[in-house]
Amino acid sequence: MSVNTFFWFDSAAEEAATFYASVVPNSRVVDVARQSDGSAFIVSIELDGQAVTLMNGGPGHPLSDAASLQVVVETQDEVDRLWDALTEGGAPGPCGWLTDRYGLSWQVVPTALLTLMGGADPAKTIAVGTALQSMSKLDIKTLQDAYDNA
């Protein structure tokens, strides 16, 4: 058995897959199943080891933020690089969420947030959550300062 993430695109699955594989480290396009006219139908990719399938299914099932890809990174430089690449032609959202140029939602999350939100002191966790809610792109220093000053 295997579990695979699957997204329905109107017509840009191959273009999106190539872009995602170029932005997320350790990623690649695995396979492209083509239709009789040569256009991509099913595109299989690995995003840092995670299997993802994109399908060109035409209109009727638009992407929404009800499903997203979460990328957990170590440094602010990684947050900034991914955020800048993925929001180009897309749109920032709240709390580390964004929508890319193809309409797919992403969360760019530093590991520091997970650590700070998992702390034993409820006042510190609440302070981090409050800081988080004021952000679009996450800022590790601001989150850490909220924790330290609570």
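A short tour of the structure in this document, coming up. (Residues numbered from 1 in each chain as written. Predicted model: local features only at pLDDT ≥ 70, side-chain atom pairs only at ≥ 80, totals over all residues. Heavy atoms only, no water.)

### Quick look at helix α1 (residues 13-23)
Right, so step 1: Residues of α1 that are buried: Ala13, Ala16, Ala17, Phe19, Tyr20, Ala21 and Val23.
Right, so step 2: Elements in contact with the buried residues of α1: β1 (5-9), β2 (28-34), β3 (40-47), β4 (50-56), α2 (76-87) and β8 (105-110). (Buried < 20%, exposed > 50% of the residue type's maximum accessible area, 1.4 Å probe, protein only. Helix = DSSP H or I, 4+ residues; strand = E, 2+ residues; numbered from the N terminus. Contact = heavy atoms within 4.5 Å.)

### Remarks on the pattern of salt bridges
Right, so step 1: For the coordinates displayed, the defined rule picks out 4 salt bridges.
Right, so step 2: Residue Arg34 pairs with Glu14 through a salt bridge whose shortest N-O separation is 2.6 Å. Of this pair, Arg34 sits in strand β2 while Glu14 is found in helix α1, placing the two residues 20 residues apart along the sequence.
Right, so step 3: Put simply, Glu46 and Arg28 hold a salt bridge, and the shortest N to O gap is 3.6 Å. With Glu46 in strand β3 and Arg28 in strand β2, the pair connects residues that are 18 residues apart, well separated along the chain.
Right, so step 4: Residue classification places Arg28 among the partly exposed positions, given a relative accessible area of 44%. (Salt bridge = Lys/Arg side-chain N within 4 Å of Asp/Glu carboxyl O.)

### Quick look at the side chain of Lys124
Right, so step 1: Mapped onto the fold, Lys124 is located in helix α4 (residues 122-133).
Right, so step 2: For Lys124, which is buried and forms no salt bridge, the nearest opposite charge comes from Asp121, at a distance of 5.0 Å.
Right, so step 3: Polar side-chain contacts of Lys124 include one of 3.0 Å to the backbone oxygen of Tyr147.
Right, so step 4: Once you skip the residues sitting within four places of it in the chain, Lys124 turns out to touch Tyr147, Asp148 and Ala150. (Lys, Arg positive; Asp, Glu negative; His and termini not counted. Polar contact = N/O pair within 3.5 Å; in protein donor to acceptor, adjacent residues only side chain to side chain.)

### Description of the nonpolar core
Right, so step 1: Within the largest apolar cluster, 28 residues are counted, with the highest numbers of intra-cluster contacts made by Phe9, Tyr20, Ile45, Leu47, Leu54, Leu86 and Trp106.
Right, so step 2: Every element with two or more residues in this core is listed here: β1, α1, β3, β4, β5 (68-73), α2 and β8.
Right, so step 3: Looking at which element gives the most residues to this core, the answer is α1, with 6 residues.
Right, so step 4: Residues within four places of Leu47 in sequence aside, it is in contact with Tyr20, Ala21, Val24, Asn26, Ser27, Val52, Leu69 and Trp106.
Right, so step 5: With 10 residues, the next largest nonpolar core counts Leu113, Leu116, Ala131 and Leu132 among its residues. (Core = buried A, V, L, I, M, F, W, Y, C linked by side-chain atoms within 4.5 Å.)

### Points about the sheet that holds β1
Right, so step 1: Pairing in this open sheet of 4 strands is mixed, and the strands run β1-β4-β3-β2 from one edge to the other. Two strands bound the open sheet, and with one partner strand each, they are β1 and β2. Across the sheet, the mean angle from the axis of one strand to that of its neighbour is 20°, orientation sign disregarded.
Right, so step 2: In this sheet, β3 lies alongside β2 in antiparallel orientation, the contact comprising 6 bridges. Paired with Asp31 across the two strands is Ser44, which belongs to β3.
Right, so step 3: Running over the sheet, α1 touches β1, β2, β3 and β4 and is turned about 15° from β3. (Pairing = 2+ DSSP bridges. Axes fitted to C-alpha atoms, helices over the stretch in contact; angles between N-to-C directions.)

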